[in-house]
Amino acid sequence: MTGRWSPVRRVLSLVAAVGLWQALTTYDVNLWLRFEQFPTVTEVGRAFADRVSGDAYWQDLTDSLTRIVTGFALAAVLGVTVGTAVARSRVAADLLGPVLEVLRPVPAIALVPVAILLFPSNEQGIVFITCTAAFFPVMVSTRHAVRALTPVWEEAVLTMGGGRRRVLWSVVLPGALPGILGGLSVGIGVSWICVISAEMISGEYGVGYRTWQDYTVVDYPGVFVGMATIGLLGWLTSTAVELLGRRLTRWLPRAEGRPAAPARRRPAAAATVAPSVRTARERVRS
């Protein structure tokens, strides 16, 4: 019953936030926070309708999505690969670990001058910044997830004749998948922050570029249209990553806040199989 009302509560929370925004800006509330210069919801809605009817809005949308998808895909592949290598190989940890730990605290947006010097076009530089922003959350999450795996599973595969490649694809990556997906969820959010910032600084076209241009000409409804567009795009991409993660980890048990099901009596067949399973595990460990 509680889960049934969850979508309704989420919609009501958005409606309440928009209603509060409309009330504060309509009555020009000026307490500690000043809302007299804020555009109202209706003004932003009219500006949004005007933008959607033009081609520039959709071009900006396409450019930002292309940059975020390209940079995030590269970061996902590189982050999982490097994180797994550092966690599994002492040589890789010695060679790559110090360099990664020195570069990790540097904000990705601070690499804009480096991107301008390295790449011949702004487009490639923005993709580089986006990839760098998502790389470190994915890499760190993958590294911790791989190191946290119990060695019993790997020993079981090796005992049954499996090689290192079999261990990697059958034990390491599936076992670390929940942690990897957590890093991907964090990475997609950080990527949006950096791609919008990079578009504002050195971009040509894109949602961030257009939002900054609206600010320079004091078009505040246009600024809020850009902010709403960024929020919706971030929400859609984060939801896509979450849904993909749930599909890839369907084998994991999920509570979802539901009450636990009453315990059932184990069938006789399961009771007879259990000793044999325990015996097999003991043989593997020995």
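Here's what I pulled together on the structure shown here. (Residues numbered from 1 in each chain as written. Predicted model: local features only at pLDDT ≥ 70, side-chain atom pairs only at ≥ 80, totals over all residues. Heavy atoms only, no water.)

**Concerning the packing of helix α2 (residues 41-52) against helix α10 (residues 220-248)**
Alright, step 1. Relative to each other, α2 and α10 sit at 75°, their axes nearing to 9 Å. Looking at the two axes, α2 sits roughly perpendicular to α10. Of α10, the residues touching α2 (which contributes Glu43, Val44, Ala47, Phe48 and Arg51) are Pro221, Gly222, Phe224, Val225 and Thr229.
Alright, step 2. Its residues assigned to classes, the contact of α2 with α10 comprises six nonpolar, two polar and two charged. (Axes fitted to C-alpha atoms, helices over the stretch in contact; angles between N-to-C directions. Helix = DSSP H or I, 4+ residues; strand = E, 2+ residues; numbered from the N terminus. Parallel < 35°, antiparallel > 145°, perpendicular 65-115°, else oblique. Contact = heavy atoms within 4.5 Å. Nonpolar A, V, L, I, M, F, W, Y, C, P; charged D, E, K, R; others polar.)

**Remarks on the packing of aromatic side chains**
Alright, step 1. In total, this model carries eight aromatic pairs according to the counting rule given.
Alright, step 2. With a centroid separation of 5.9 Å and an interplanar angle of 85°, the aromatic rings of Phe48 and Tyr57 are classed as edge-to-face.
Alright, step 3. Overall, the relative accessible area of 34% leaves Phe48 in the partly exposed class.
Alright, step 4. Relative to Trp58, the ring of Tyr57 lies with its centre 5.3 Å away and its plane at 85°, an arrangement referred to as edge-to-face.
Alright, step 5. By relative accessible area, Tyr57 is classed as buried at 14%. (Phe/Tyr/Trp six-rings, centres within 6.5 Å; stacked < 30°, edge-to-face > 60°. Buried < 20%, exposed > 50% of the residue type's maximum accessible area, 1.4 Å probe, protein only.)

**Here we look at the pattern of salt bridges**
Side-chain pairs of opposite charge can arise where the charged atoms are in close proximity.
Alright, step 1. A complete count under the given rule lists eight salt bridges for this structure.
Alright, step 2. In this structure, Arg210 engages Asp60 in a salt bridge whose closest nitrogen and oxygen atoms are separated by 2.8 Å. Pair noted here: Arg210 is in helix α9 (residues 207-216) and Asp60 is in helix α3 (residues 55-88), with a separation of 150 residues, a long-range link.
Alright, step 3. For the salt bridge of Glu123 with Arg67, the shortest nitrogen-to-oxygen distance reads 2.9 Å. With Glu123 in helix α6 (residues 122-147) and Arg67 in helix α3, this pair connects stretches of sequence that are 56 residues apart.
Alright, step 4. Assessed through its relative accessible area of 35%, Glu123 is described here as partly exposed.
Alright, step 5. By relative accessible area, which is 2% here, Arg67 ends up buried.
Alright, step 6. Because the salt bridges share partners, they merge into one network encompassing Arg51, Asp214 and Asp219. (Salt bridge = Lys/Arg side-chain N within 4 Å of Asp/Glu carboxyl O.)

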